[in-house]
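What follows is each chain in one-letter form.
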Amino acid sequence: MDKKNSGVGVLDKAVYILATLESGPHSLAELVAATGIARPTAHRLAVALEFHHLVSRDLNGRFIIGPRSGELAAAAGEDRLIAVATPALAALRDATGESAQLYRRQGDIRICVAVAERLSGLRDSVPIGASLTMQAGSAAQILMAWEDSEKIHRGLKNARYTAAHLAADRRRGWAQSVGEREAGVASVSAPVRGPNGKVIAAVSISGPIERLGRQPGRVHAAAVVATAERLSEHLKSGK
């Protein structure tokens, strides 16, 4: 590991620990060996990082990268994601003839962070910044389906979808809903993944059931999945 010194020793050591954990779980002894940091200091810093959720523990008690690290990485990539999502959603709208959206989860709600509205006719309008429930809708299913089992168990309480729906979403790589979030509205969604493979957003199209039908995924899933995969690849490549 290339150790660069900022002049702030405690910060440098904390960064060394995080960089070491990028390669996988480490016991305290392994952290000491890999970083060259004295055992008491390595323990103190690792526990402090754990307090702030930058570091966590696996089932064997070894230190691993914590959930906060992923949240920060996702936030750092958000502007880049939105910038590339805007033209991608416009292309998806043009290909399907339906309004297209990008959602990100924030706790118990999902936020519409980018949108390309259908230009005319009856449409499902979701403005940028709109807060929608995580208990209904195909995008909510996508943002829930790849969470850990505990979060899924909590999220299914009062949800209009079931564990079987989420299993099907994971298996085929997309979700659909008909009248789930709002009467008369159907939607299809697919996951956008960050560089670490974690689902960080959902691409969706939505519109009236009269136009999308009772099985909207049959017609539109391929286009929605392709758009989500292009966004994921963009984030992975960093271009």
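Described below are features of the structure shown in this document. (Residues numbered from 1 in each chain as written. Predicted model: local features only at pLDDT ≥ 70, side-chain atom pairs only at ≥ 80, totals over all residues. Heavy atoms only, no water.)

**With respect to empty space enclosed by the protein**
Right, on to step 1. Counted according to the given criterion, the structure contains 1 cavity of 30 Å³ or more.
Right, on to step 2. Roughly 90 Å³ of internal volume is contained in the largest cavity.
Right, on to step 3. As for the largest cavity, its lining consists of 17 residues, of which Arg-110, Gly-137, Ser-138, Arg-181 and Ser-187 are closest to the centre.
Right, on to step 4. Among the elements that take part in the lining of the largest cavity, strand 7 (residues 185-193) stands out by supplying 4 residues, more than any other. (1 Å grid on protein atoms, 1.4 Å probe; cavity = no way out; pocket = protein on both sides within 12 Å on 5 of 7 lines; lining within 4 Å. Points joined across faces, edges and corners; volume = space filled by probe spheres on them. Helix = DSSP H or I, 4+ residues; strand = E, 2+ residues; numbered from the N terminus.)

**So, the nonpolar core**
For soluble globular proteins, nonpolar side chains are generally found buried alongside one another.
Right, on to step 1. Of all hydrophobic cores here, the largest spans 25 residues; its most connected members are Leu-81, Leu-89, Leu-102, Val-192, Val-203, Val-224 and Leu-231.
Right, on to step 2. Looking at this core, the elements with two or more residues in it are helix 4 (67-96), strand 3 (99-106), strand 4 (109-116), strand 7, strand 8 (199-208) and helix 9 (216-237).
Right, on to step 3. Per-element tally for this core: the top contributor is helix 9, with 6 residues.
Right, on to step 4. The residues touching Val-192, leaving out its near neighbours within four places in the chain, are Leu-81, Leu-102, Lys-198, Val-199, Ile-200, Ala-201, Val-203, Ala-228, Leu-231, Ser-232 and Leu-235.
Right, on to step 5. Core analysis: the second largest hydrophobic core is formed by 19 residues, Ala-130, Ala-145, Ile-152 and Tyr-161 among them. (Core = buried A, V, L, I, M, F, W, Y, C linked by side-chain atoms within 4.5 Å. Buried < 20%, exposed > 50% of the residue type's maximum accessible area, 1.4 Å probe, protein only. Contact = heavy atoms within 4.5 Å.)

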